[in-house]
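Residues per chain are reported as follows:
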Amino acid sequence: MKFLKDYQGLIVICSLCAVGSFTPIYVVMSSGRLAVEQGAGAFSTLPMGVQYTSIMLGAIPVSKILMQYGARQGLLMTQGLGWIGGVICLLSAIYLSFPLLLLGVVFTGFSVAGLHQMRFIATDTVAPEQKPIALSLIVAMPVVAALGAAPLSSWVMQLFGSGDVLDNYVWLYATLVGMLSIPPLILLSFKIPTKTGKIADRKIDLSLLKKQGVKPAILIAALTYGGMTFLMTATPLLMQEKGFALQHSNAAIGYHVLGMSVPSLIMGVIISKLGLRLVFWFGALNYVGVFYSNVFLGYSYPVMVLALVLLGVGWSALYVSASTALAQLLKPEERLKIQGFNDTCVFSCSGLAGFGAGVALYSVDWLGINVILLVLAVLIALASLQINIPKSTPN
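In this report, we go over the structure that sits alongside the text. (Residues numbered from 1 in each chain as written. Predicted model: local features only at pLDDT ≥ 70, side-chain atom pairs only at ≥ 80, totals over all residues. Heavy atoms only, no water.)

1. Overview of the overall build of the protein chain
Here is step 1 of the chain: Helices and strands together make up the secondary structure of the protein chain, namely 17 helices and 0 strands.
Here is step 2 of the chain: Taken across its 395 residues, the protein chain has 59% of its residues classed as buried.
Here is step 3 of the chain: For the protein chain, the proportion of contacts with a sequence separation of at least 24, taken over those separated by at least 6, is 87%.
Here is step 4 of the chain: Accessible surface, the protein chain: about 15,100 Å² in total, of which carbon and sulfur atoms supply 70%. (Helix = DSSP H or I, 4+ residues; strand = E, 2+ residues; numbered from the N terminus. Buried < 20%, exposed > 50% of the residue type's maximum accessible area, 1.4 Å probe, protein only. Contact = heavy atoms within 4.5 Å. Areas by Shrake-Rupley, 256 points an atom, 1.4 Å probe, with all protein chains shown as cover.)

And the structure:
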């Protein structure tokens, strides 16, 4: 019981992240292919771009909401918006409406913006020396959604669906609506004991960018997320073009999210042992491995899964390291003042990647997309040289 009391805040945040992670996974699994069925054509990656743009535009307002109302009430507001977005996406599948799908992902984007704010809230629920581990747990929580999203949707479609392709999308989004009902119930039932409460000064403080290592850490996070989104969004479209079924692309995305989440369970420990720089380089090397697999090993299903797993592992190493760097470089009261700006940068890159993935696939082809990822890997490795934190410097 003492354990539950001491770590109640972290347990609640982890539960919210696990359930809330179904939203981006379901949008990735289905939005592009549903958009094709809705007649979107080359704009079929637009829902991904719109969702990431919504996350970007919502980052600073959500940060201010959390500072003004506290973690519990602020997250309750954002997760409620996610439920509304899920309902709108469901209606878009029922009425085969592309504009409704775009509207739905706007709302889910604001919900995911709240989800990403939980990283630094989690670090305020534990002792300083436990911050890297808390960050690893939060980033790893999507493993629950990765393991459950595809099997759960398939089970619901088999149980209630008629076998029609469009009917499958209806039941997939109906499942999402059910999952999005859980976070508000968790927040209404449990408190989040954390240092992140109401902060009188709610202004975003860009002077914090002058601190050593802050700008490179934000740049790495932005390039990491943008590169991951670019490849992850384009891959299901390529698989559809090559004749793979929806179930195959859904499973491939599931493996990708496992690659993102499972290493994150131990990434905090690895960072503590090896230091940030080596983990940054390891992540960049994985992005290089994605380039090699996609360019030189062909278009088979195992190769595409391998590349997506490498992409996920690389993202895990780079994103957890960048988040850990910010957590160690900034004080608790400073993090919310820069977190909105950080997430704006991250999801601006992701939004551009989501918007551009479909167009790039039809213009510069699969090779061009992978060359872009290779360039990002080099930039990330160079930026990591500007971050200097000793192996054990908890803040």
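2. Let's talk about the environment of glycine 275
Here is step 1 of the chain: Structurally, the position occupied by glycine 275 is in the loop between α13 (264-274) and α14 (276-296).
Here is step 2 of the chain: Owing to a relative accessible area of 6%, glycine 275 belongs among the buried residues under this scheme.
Here is step 3 of the chain: Along the backbone, glycine 275 and asparagine 388 are 113 residues apart, and their C-alpha atoms lie at a distance of 9.6 Å.

3. Focus: α13
Here is step 1 of the chain: Of the residues making up α13, those classed as buried are Ser264, Met267, Gly268 and Ile271. On an axial view of α13, the arc spanned by its buried residues comes to 100 degrees, and they lie on one face.
Here is step 2 of the chain: Glycine 275 occupies a position one or two residues after α13 and carries a positive phi of about 95 degrees. (Arc of directions from axis to C-beta.)

4. Things to note about the side chain of serine 384
Here is step 1 of the chain: Locating serine 384 in the fold gives a position in helix α17 (residues 365-384).
Here is step 2 of the chain: Assessed through its relative accessible area of 1%, serine 384 is described here as buried.
Here is step 3 of the chain: Those residues in contact with serine 384, other than ones at most four positions away along the chain, are Ile220, Arg277, Phe280 and Trp281.

5. What to know about the nonpolar core
Here is step 1 of the chain: Counting 113 residues, the largest nonpolar core has Ile13, Leu75, Tyr173, Met228, Tyr287 and Leu311 as its most contacted members.
Here is step 2 of the chain: At 16 residues, the largest contribution of residues to this core is made by helix α11 (residues 214-241). (Core = buried A, V, L, I, M, F, W, Y, C linked by side-chain atoms within 4.5 Å.)

6. Description of unusual backbone geometry
Here is step 1 of the chain: Of note in the backbone geometry, leucine 96 takes a positive phi value of approximately 50 degrees without being a glycine.
Here is step 2 of the chain: Residues other than glycine seldom take positive phi values, yet aspartate 365 does so here, at roughly 70 degrees.
Here is step 3 of the chain: Examined against the element boundaries, aspartate 365 turns out to sit in helix α17.

7. Points about the packing of aromatic side chains
Here is step 1 of the chain: One pass over the full model with this rule turns up 6 aromatic pairs.
Here is step 2 of the chain: Judged by centre distance (6.3 Å) and plane angle (85 degrees), the rings of phenylalanine 291 and phenylalanine 296 are edge-to-face.
Here is step 3 of the chain: Looking at phenylalanine 296, the relative accessible area reads 53%, which means it is exposed.
Here is step 4 of the chain: A centroid spacing of 5.0 Å and a plane angle of 25 degrees characterise the contact between tryptophan 315 and tyrosine 319, whose relative ring orientation is stacked. Within this pair, tryptophan 315 and its partner tyrosine 319 are both found in helix α15 (residues 301-329), separated by 4 residues, close to a single helical turn.
Here is step 5 of the chain: By relative accessible area, which is 5% here, tryptophan 315 ends up buried.
Here is step 6 of the chain: Among the aromatic residues, ring-to-ring pairing joins Tyr225, Trp315 and Tyr319 into one connected group. (Phe/Tyr/Trp six-rings, centres within 6.5 Å; stacked < 30°, edge-to-face > 60°.)

8. Observations concerning the environment of alanine 18
Here is step 1 of the chain: The residue alanine 18 is located in helix α2 (residues 8-20) in this model.
Here is step 2 of the chain: Residues alanine 18 and leucine 115, spaced 97 residues apart in sequence, show a C-alpha to C-alpha distance of 9.8 Å.

9. A look at the packing of α11 against α14
Here is step 1 of the chain: In contact at an axis separation of 12 Å, α11 and α14 are set at 20 degrees when each is read in the N-to-C sense. Comparing their axes, α14 and α11 come out roughly parallel. The chirality of how α11 crosses α14 is left-handed. Contact with α11, carried on its side by Ile220, Thr224, Met228 and Leu231, involves Phe280, Tyr287, Val290 and Asn294 of α14 and no other residues of that element.
Here is step 2 of the chain: The class makeup of the residues in the contact of α11 with α14 is 6 nonpolar, 2 polar and no charged. (Axes fitted to C-alpha atoms, helices over the stretch in contact; angles between N-to-C directions. Parallel < 35°, antiparallel > 145°, perpendicular 65-115°, else oblique. Left-handed = near helix turned anticlockwise from the far one by under 90°. Nonpolar A, V, L, I, M, F, W, Y, C, P; charged D, E, K, R; others polar.)

10. What to know about the packing of α14 against α17
Here is step 1 of the chain: For the pair α14 and α17, the least separation of the axes is 9 Å and the interaxial angle reads 165 degrees. With respect to their mutual orientation, α14 and α17 come out roughly antiparallel. In the packing of α14 onto α17, the handedness of the crossing is left-handed. Together, Arg277, Phe280, Trp281, Ala284, Tyr287, Val288, Val290, Phe291, Asn294 and Val295 of α14 and Trp366, Leu367, Asn370, Val371, Leu373, Leu374, Ala377, Ile380, Ala381 and Ser384 of α17 make up the contact between the two elements.
Here is step 2 of the chain: A per-class count over the contact of α14 with α17 returns 16 nonpolar, 3 polar and 1 charged.

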